[in-house]
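Tertiary structure, described
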Amino acid sequence: MTHKPQIKIPATYMRGGTSKGVFFRLKDLPEACQSPGEARDKLFLRVIGSPDPYQKQIDGMGGATSSTSKTVILAEPTQPDHDVDYLFGQVSIDKPFVDWSGNCGNLTAAVGAFAINGGFVAKDRIPENGTCTVRIWQANIKKTIVAHVPITNGEVQETGDFELDGVTFPAAEVQVEFMDPADGEGSMFPTGNQVDDLEVPGVGTLKATMINAGIPTIFVNAEDIGYKGTELQDDINSDPAALARFETIRAHGAVKMGLIQNIEEAANRQHTPKVAFVAKPSDYVSSSGKSIGAGDVDVLVRALSMGKLHHAMMGTAAVAIATASAVPGTLVNLAAGGGDRTHVTFGHPSGTLRVGAEAKEVDGQWTATKAIMSRSARVLMEGWVRVPGNTF
């Protein structure tokens, strides 16, 4: 049997926030993969090492978690007054599909640096020293994101002393602004309510806040499902029955949000919506052994991504948390003490995160105007990624 040799494709492996992904320029992809479709999905699955029944992604670039099973395509901007188009693909670990339904907020912090290094940003807009503002068009959700990337001696500054819980080493701070993060095609609260009764067979009727800001997210109260909000990954991920319950909650919430027509469709839409549970502040010890005091945070939040409890917090979910906290009466707002707020500091398994958000009510409908958070990013490796020639 004749086997085609491997092909190599220019790529960059980057960390952004608490995630890692393989970054590509659209024009560097094989011609068959430059358009959406089966060929592109097969390529990205093979690059990452999926589907893998062992769930280790040993034969690919993935790291066997939702945070490290990610791909990014950068292209020339399709929108005026933007520097780059950013398309994100969440690669399933054990199933043969790539989910294109949402954004990755963490990797957004790396998009700005990649855009500068890759020549997408005009040279006259890059200062010799200072901050470069990169205008990103997020193609999955059709939203503008602005990244403020530090520049030293005309080059992206990656090293620094900014510490981000969930990332071991410090780096340079990148401020990211998510502009108008609510769903532009419908209500920020798809059901029209800040709190709904969500009927979940086998679980019960839960109070839920379902919001579409940053990424569609379903929030429930921790105590309503038997948790405290201080749980770490092993507390949830080692319990198959708990994971199944969360997936059932997610599926029924997705139907109620209008994202899918029936619960069976949820299996092929793992990236969105997210499901999270919230609780009032309490002391706990993070996954690194760091003590988090009740006075250090406004609210506790734990969120699941791709069927598992996230080790820290997804950037897009952080936008949803901050936006929901800014709207009086949501479960997030109530757990944080209620009232009006323009920022929230929440506790997650790896530590804490502060996110700013602005929301306003217009004609009886709530909308978000902006969410702001600080992340960091750096290049881990650059060169070529190789895949067998018969991949697509």
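Everything in this summary refers to the structure shown in the same document.

With that settled, consider the layout of surface pockets. Within this model, the largest pocket holds a volume of roughly 960 Å³. Every residue lining the largest pocket is counted, 43 residues in all, and those nearest its centre are Ala64, Thr65, Ser66, Ser67 and Ile93. Secondary structure elements with two or more residues in the lining of the largest pocket: strand 2 (19–25), helix 3 (233–237), helix 4 (240–256), strand 17 (308–309) and strand 21 (377–388). The element best represented in the lining of the largest pocket is helix 4, accounting for 5 residues. Each residue belonging to the lining of the largest pocket can be placed in one class, and the counts come to 15 nonpolar, 18 polar and 10 charged.

Its place among the elements puts Asp161 in the loop between strand 8 (155–156) and strand 9 (174–179). Through-space distance from the C-alpha of Asp161 to that of Ala172 is 6.3 Å; in sequence the pair is 11 residues apart. Those residues within four positions of Asp161 in sequence are excluded, and the remaining contacts are Pro170 and Ala171.

Turning next to the packing of aromatic side chains. Going through the model one piece at a time under the given rule, you end up with 6 aromatic pairs. With a centroid separation of 5.9 Å and an interplanar angle of 15 degrees, the aromatic rings of Tyr227 and Phe246 are classed as stacked. Taken together, the residues span a long stretch of sequence, with Tyr227 in the loop between strand 12 (215–221) and helix 3 and Phe246 in helix 4 at a distance of 19 residues. The pair Tyr227 / Phe246 is uniform in exposure class, with both members buried. Here Tyr227 and Phe277 contribute two aromatic rings whose centre-to-centre distance is 5.3 Å and whose plane-to-plane angle is 25 degrees, an arrangement assigned as stacked. With Tyr227 in the loop between strand 12 and helix 3 and Phe277 in strand 13 (residues 274–279), the pair connects residues that are 50 residues apart, well separated along the chain. In this structure, Tyr227 and Phe277 share a single accessibility class: buried. Taken together, Phe24, Phe44 and Trp100 form an aromatic cluster joined through their ring pairs.

Right, let's talk about the side chain of Asn221 for a bit. Inspection of the secondary structure puts Asn221 in strand 12. Among the residues examined, Asn221 registers a relative accessible area of 18% and is labelled buried. Once residues lying within four places of it in the same chain are set aside, the contact partners of Asn221 are Lys207, Phe277, Val278 and Leu331.

What follows concerns helix 1 (residues 38–48). Among the residues making up helix 1, those that are buried are Ala39, Arg40, Leu43, Phe44, Leu45, Val47 and Ile48. Where helix 1 is buried, its residues meet strand 1 (6–16), strand 2, strand 3 (70–75), strand 4 (84–91), strand 5 (98–99) and strand 21. After helix 1 finishes, the residue Gly49 shows a positive phi value of roughly 100 degrees.

Reading the values: the criteria
- Counting starts from 1 at the beginning of each chain's written sequence and moves along it residue by residue.
- Whole-chain, interface and lining totals are the exception, using all residues; otherwise, since this is a predicted model, local features are given only for residues with pLDDT of at least 70 and side-chain atom pairs are given and counted only at 80 or more.
- Values shown for side chains rest on all heavy atoms present in the structure; no hydrogens or waters enter the calculation.
- Residues are said to line a cavity or pocket when one of their atoms sits within 4 Å of a point; the points come from a 1 Å grid over protein atoms alone, cavities being sets where a 1.4 Å probe fits but cannot get out and pockets being open sets with protein on both sides within 12 Å along at least five of seven lines.
- Grid points are joined across faces, edges and corners, and a volume is the space filled by probe spheres set on the points.
- A helix here means a DSSP run of H or I that spans at least four residues, while a strand means a run of E at least two residues long, and both kinds are numbered starting from the N terminus.
- Side-chain classes are defined by residue name, with Ala, Val, Leu, Ile, Met, Phe, Trp, Tyr, Cys and Pro counting as nonpolar, Asp, Glu, Lys and Arg as charged, and the others, Gly among them, as polar.
- Throughout, a residue-residue contact means that at least one pair of heavy atoms, one from each residue, lies within 4.5 Å.
- To pair, rings of Phe, Tyr and Trp, with the six-membered ring standing in for Trp, must have centres within 6.5 Å; the planes then decide the type, stacked if under 30 degrees apart, edge-to-face if over 60, and tilted in the middle.
- Only protein chains enter the accessibility calculation, which uses a 1.4 Å probe. A residue is then buried if its area is under 20% of the maximum for its type, exposed if over 50%, and partly exposed in between.

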